[in-house]
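# Working through the structure, step by step
The chain contents come next:
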Amino acid sequence: MTNVVIVGGQWGDEGKAKVIDLLSEKADVVIRYQGGCNAGHTVVTGDQTYKFHLIPSGILYPGKICIIGNGTVINPQVLLGEIEGLKEKGIDASNLCISPLAHVTLPYHIALDELSEEFLQSSKIGTTKRGIGPTYVDKIGRTGIRIEDLYEQEALESKLDIILPQKNVILKHYGKKTFEKQEIIDFCGKYSQKLKPYVKDTTEIIYNALKNGKEILFEGAQGAMLDIDHGTYPYVTSSNPIAAGASTGSGVGFTNIQKAIGVFKAYVTRVGEGPFLTELNGLEGEKIQQVGKEFGTTTGRKRRCGWFDAVVTRYSAMVNGLTGIALTKIDVFDNFDEIKICTAYKDSRDGKIYENYPTNTHVHKYLEPVYEVMPGWNKDISGIREFGELPENAREFIRKIESVSGIPIEIISVGPRREQTIIRELPVLTDISS
Ligand code: GDP
Ligand code: IMO
Ligand code: MG
């Protein structure tokens, strides 16, 4: 039995969903453990493209138990839309289980997210405006509405009697639309009954799965550099995407999780504001953006692009306890004469070299990336399925990333489709090669 966390190693959108989908075939249970519909997870199979915001990316394999864990925040409207979208495509979502302990994103959370961004002006975070931050604020502030509250009308109403006036004071002060209690009750009522069949005691379901030796995949959203504690604060999301979040976000003790696979793009992207030392603002960045089709899955925003950053990778490996890497989108470099890897940062004031990520981002404005330049391979590798068949320069690039990050690359993705994958010797789940 091996239980594995799949975690974003960078600033999100690394291709986590592709890896989850691929590995789900051999898993029994897939658990989304944090975040909400800020996530956009793309799975491409045959001629279908699926975009998941809340539903675990293992849902496409029949019979897998897919859990939305207690650590997530759920917009019921978005979740129901996703379930219905799957039904229209003939995908059965009856194995979906929603934790009653997950928090609910309500319309006032979205309004407050928008207001906060407006208020911050040039210091804005660049959030997805999906109400994620304000939902987690309420969770930590102990004024949140949980999924289980949707089924206790009296308790829900008395909670709203306390919460809503507070929200309305702020919204009114800034000239924004306020919310009537009935409006929120109606919103909840519209979705709660339809979601009810999926709301189950996930703690017990997971406990039984563990007891019976089932294999669990934990699906991270966002990425380590967006982690509320370990990321580029304040330009982060409001949850813990790091591997340890899988434990709190699902109620599985850390002793039951054996591996953490970090998903990394062969370059780096970021959506929204915040430090990004290897960002390319010129033609090279545009080329990566266009070839990699780097547009946000949730908001459609252009993703900022830059070279692979080994300093970030080493930091991410530390805070996630990575046992392996899944390297994606290496095919995007098929027509590049040279490719760069940042191995360290140099302080422009005194020449000091940083090999470890400086978490004090105030210093970042003085830092410049130190690059190692690698030759490209100028060949289409999207059809290759064996490591040994990759062009030598592509293998060299992969080995370089492995040596500068100190973590084995177990999976190499050469295209968006399931089958466009090279699985190297090291197994991820116990029976991946069976
Ligand atoms: P996630 O949020 O980490 O699941 O990633 P997204 O779905 O937001 O973005 C990753 C994008 O890259 C999606 O459009 C995927 O279909 C695509 N993708 C994943 N792996 C590869 C790959 O190896 N090569 C290429 N070209 N595209 C990929
Ligand atoms: P997946 O799971 C990339 C970013 C936003 C913003 C910051 C805070 O698809 O990798 P939020 O709405 O969470 O309060 O925004 O986090 N962000 C993501 N960036 N991929 C994601 O998810 C993201 N989810 C949030 O762009 O910078
Ligand atoms: Mg995404």
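Residues numbered from 1 in each chain as written. Chains lettered and ligands numbered in written order. Predicted model: local features only at pLDDT ≥ 70, side-chain atom pairs only at ≥ 80, totals over all residues. Heavy atoms only, no water.

## Some remarks on the sheet that holds strand β1 (residues 4-8)
Pairing within the open sheet is mixed, and its nine strands lie in the order β7-β5-β2-β9-β1-β10-β13-β17-β18. Across the chains shown, the open sheet's two edge strands, defined by having one partner strand only, are β7 (96-98) and β18 (421-423). Averaged over all neighbouring strand pairs, the angle between strand axes comes to 20°, with direction disregarded. Pairing of β1 with strand β10 (residues 259-265) involves five bridges; the strand directions are parallel. What sits directly across from Val7, in β10, is Gly262. Strands in contact with helix α7 (residues 202-211) are β2 (29-32), β5 (65-68), β7 and β9 (216-219); relative to β5, the strand with the most contacts, it is inclined by about 135°. (Pairing = 2+ DSSP bridges. Helix = DSSP H or I, 4+ residues; strand = E, 2+ residues; numbered from the N terminus. Axes fitted to C-alpha atoms, helices over the stretch in contact; angles between N-to-C directions. Contact = heavy atoms within 4.5 Å.)

## A look at a nonpolar patch on the surface
A cluster of nonpolar residues, Phe119, Leu120, Val169, Ile170 and Tyr174, forms a patch on the protein surface that exposes about 470 Å² of accessible area. Contributions of two or more residues to the nonpolar patch are made by α3 (107-120) and α5 (153-173). Checked against the element boundaries, Tyr174 lands in the loop between α5 and α6 (181-195). On the basis of relative accessibility, which here comes to 39%, the residue Tyr174 falls in the partly exposed class. (Patch = residues over 30% accessible without salt bridge, like charges linked within 9 Å, V, L, I, M, F, W, Y side chains within 5 Å. Areas by Shrake-Rupley, 256 points an atom, 1.4 Å probe, with all protein chains shown as cover. Salt bridge = Lys/Arg side-chain N within 4 Å of Asp/Glu carboxyl O. Buried < 20%, exposed > 50% of the residue type's maximum accessible area, 1.4 Å probe, protein only.)

## Examining the domain arrangement of the protein chain
With domains assigned, the protein chain is organised as domain 1 (4-90 + 202-423) and domain 2 (103-197). Placing a centre on the C-alpha atoms of domain 1 and another on those of domain 2 gives a separation of 29 Å. Summing the contributions of domain 1 and of domain 2, the shared interface buries around 2000 Å²; its carbon and sulfur component is 64%. It is Val73, Pro76 and Leu80 that lose the most area in domain 1 upon contact with domain 2, and together they represent 27% of the buried surface on that side. Applying the counting criterion to the domain 1 and domain 2 interface returns nine residue pairs in polar contact (both at pLDDT 80 or more). Those elements that provide at least two residues to the side of domain 1 that touches domain 2 are β6 (73-74) and α2 (76-88). Per-element accounting of the side of domain 1 that touches domain 2 gives the leading share, six residues, to α2. Looking at side-chain class alone, the side of domain 1 that touches domain 2 contains 10 nonpolar, 15 polar and three charged residues. (Domains from an automatic or database assignment. Buried area = accessible area lost by both parts, 1.4 Å probe. Polar contact = N/O pair within 3.5 Å; in protein donor to acceptor, adjacent residues only side chain to side chain. Nonpolar A, V, L, I, M, F, W, Y, C, P; charged D, E, K, R; others polar.)

## What to know about the coordination of the magnesium ion (ligand 3)
The magnesium ion (ligand 3) binds to the protein through Asp13 (OD) and Gly40 (O), with metal-donor distances spanning 2.1 to 2.2 Å. On the criterion of sequence distance, the pair formed by Asp13 in the loop between β1 and α1 (16-24) and Gly40 in the loop between β2 and β3 (41-45) is long-range, its members being 27 residues apart. (Donors = N, O, S within 2.8 Å, 3.2 Å for Na, K, Ca; no water.)

## Considering the packing of aromatic side chains
Using the criterion set out here, one finds 14 aromatic pairs in the structure. Between the aromatic rings of Tyr315 and Tyr357, the centroid separation amounts to 5.3 Å while the plane-to-plane angle is 35°, which identifies the pairing as tilted. Taken as a pair, Tyr315 in helix α10 (residues 310-320) and Tyr357 in the loop between β15 (353-354) and β16 (367-375) lie far apart in primary sequence, 42 residues in all. Taking the relative accessible area as the measure of exposure, Tyr315 reaches 8% and is therefore buried. (Phe/Tyr/Trp six-rings, centres within 6.5 Å; stacked < 30°, edge-to-face > 60°.)

## Notes on the site of ligand 1
Around ligand 1, the surrounding shell holds 18 residues, and the nearest of these are Lys16, Gly40, Thr42, Asp331 and Ser413. For ligand 1, an oxygen atom lies 3.0 Å from a polar atom in the side chain of Asp13. With respect to ligand 1, the side chain of Ser413 contributes an N or O atom lying 2.5 Å from an oxygen atom. For ligand 1, the protein covers 90% of the area, taking 590 Å² as the surface of the free molecule. Broken down by secondary-structure element, the contributors of at least two residues to the shell around ligand 1 are α1 and β3. Within the shell around ligand 1, the residues separate by chemical class into four nonpolar, seven polar and seven charged. (Near = heavy atom within 4 Å.)

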